[in-house]
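Here is how the chains run, residue by residue.
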Amino acid sequence: MISKQILSRPLSRSGINALNVALVIALIVLCHTTTASAGWQKEQQDIMGTRIIVEAYHDDDATAREAIAAVMDEMHRIDNAMSPFKPDSELSRVNREAADHPVRISKELFRLLQRSLDFSRLTDGAFDITFASAGFLYDYRAHIRPDEKALNEAVSHINYHNVHLDPESGTVFFAQPGVKIDLGGIAKGYAVDLGIALIQARGITNALVTAGGDSRVIGERWGRPWQIGIRDPRNRDGIVAKIPLENVAVSTSGDYERFFEEDNVRYHHIIDPKTGDSARELQSATLIGPNATTTDALSTSVFVLGVDRGLALVNRLGDIDAILVDSKGHLHYSSGLENLTAAKATR
Ligand code: AMP
Ligand code: MG
């Protein structure tokens, strides 16, 4: 749950103190003042194309260290199975073959595809792993985007109904050629949840696992709630709010992660499945909820849905909260965070 004590801060772009600046990591920041100390262990590695950070406390340092190593191994395992960039991954095989014939897949991938389709239904198609049918035409680093003709052709294949899962045979089949899938909007959160489970299985009750913009915390840090800072989408070193958290997951989707600009238009990695173009109603969407698989999928979804439809969805769900930064840089909160409106007034 979200700690009742909300430590929002003035949203001035220059007024971030040096300590916080140093602690800003990727799009979500876990604020802390020290690294390893008695009982606390911390490690970071770049896996799944992102920065993985794991911190854990145990009276026995070796137990905490072993738990962190197990989490890192798990991240490598998920990456090897689900990366669209690795030709040998299970996901790549599905993309190569599933339009030709049903492909038998692992129970784990099957289940994650099921969950992805559940989120598509929940979000009225804003979350759609077949966005990749058009998504693969973009190369944000190389500033490459499809022309209108290629985009229109690719968009015709985006539709989560094109992904057929057969529980009997444990297979996935694409209803037409041209369909591609990508789990980039959910796999990091899923990996974070697996990481937390590995940590809890070792009797550890205070820990953090972060994979880029997706984090989950259990217990506390030094007897205080964990704190996350939400990055200012237009200022690398700024944060727009800090929130103390206990036993929750937090995910941020932002248009500043992978993008390029052309004629003052920002082309970035979160795609509106209806158009195949980047969604532009928000600069960032931060979701808080019980597990990181959910917050990861919903942060991507709410980013696509925008302020009104996004908050309507979040407020309907009950155990989920959201902090949105719209295209003008204004903050919006879900109804469960109304006590954050003080921060809104100061922006
Ligand atoms: P996140 O940072 O969690 O919002 O994830 C962004 C990633 O999700 C992108 O890099 C894509 O791999 C994937 N993605 C982009 N648009 C969508 C979408 N509409 N539905 C599902 N996944 C998406
Ligand atoms: Mg996401």
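For the structure itself, look to the data block above.
These numbers were taken from a predicted model, which means no experiment stands behind them.

Colleague: Would you take a moment to explain the site of ligand 1 for this structure?
Modeller: The full set close to ligand 1 counts 17 residues, and Asp-128, Ser-253, Ile-271, Asp-296 and Thr-300 are the nearest of them. Within the backbone of Asp-128, one N or O atom sits 2.9 Å away from a nitrogen atom of ligand 1. Within the contact set of ligand 1, an oxygen atom lies 2.5 Å away from a side-chain nitrogen or oxygen of Ser-253. Starting from 500 Å² of accessible surface for ligand 1 in isolation, the protein chains cover 96%. Tallying contributions element by element places helix 8 (residues 292-317) first for the shell around ligand 1, with 3 residues. Residues that form the shell around ligand 1 fall into these classes: 7 nonpolar, 5 polar and 5 charged.

Colleague: Looking at this model, I keep getting lost on the sheet that holds strand 2 (residues 40-47). Mind explaining?
Modeller: Sheet strands pair by backbone hydrogen bonding; their relative direction is either parallel or antiparallel. The strand order across the open sheet built from 8 strands is 2-3-7-8-11-14-15-16, with neighbouring strands paired in antiparallel fashion. Every other strand in the sheet has two partners, leaving strand 2 and strand 16 (331-333) as the edge strands with one partner each. Averaged over all neighbouring strand pairs, the angle between strand axes comes to 10 degrees, with direction disregarded. Contacts from helix 2 (residues 61-82) reach strand 2, strand 3 (50-57) and strand 7 (206-211) within the one sheet, and its direction differs from that of strand 2 by about 15 degrees. Each of strand 3, strand 7 and strand 8 (214-218) touches helix 7 (residues 187-201); the most contacted strand, strand 8, lies at about 20 degrees to it.

Colleague: What am I meant to see in the nonpolar core here?
Modeller: In globular proteins that are soluble, nonpolar side chains generally tend to be buried together. Residues Val-94, Leu-183 and Ile-199 are the most contacted members of the largest nonpolar core, which totals 67 residues. No other element matches helix 8, which puts 11 residues into this core. Excluding residues within four positions of it along the chain, Leu-183 makes contact with Met-82, Leu-91, Leu-109, Leu-112, Leu-113, Ser-116 and Ile-129. Counting 18 residues, the second-largest nonpolar core is a separate cluster that includes Val-240, Ile-243, Leu-331 and Leu-337.

Thresholds applied
Residues numbered from 1 in each chain as written. Chains lettered and ligands numbered in written order. Predicted model: local features only at pLDDT ≥ 70, side-chain atom pairs only at ≥ 80, totals over all residues. Heavy atoms only, no water. Near = heavy atom within 4 Å. Polar contact = N/O pair within 3.5 Å; in protein donor to acceptor, adjacent residues only side chain to side chain. Areas by Shrake-Rupley, 256 points an atom, 1.4 Å probe, with all protein chains shown as cover. Helix = DSSP H or I, 4+ residues; strand = E, 2+ residues; numbered from the N terminus. Nonpolar A, V, L, I, M, F, W, Y, C, P; charged D, E, K, R; others polar. Pairing = 2+ DSSP bridges. Axes fitted to C-alpha atoms, helices over the stretch in contact; angles between N-to-C directions. Contact = heavy atoms within 4.5 Å. Core = buried A, V, L, I, M, F, W, Y, C linked by side-chain atoms within 4.5 Å. Buried < 20%, exposed > 50% of the residue type's maximum accessible area, 1.4 Å probe, protein only.

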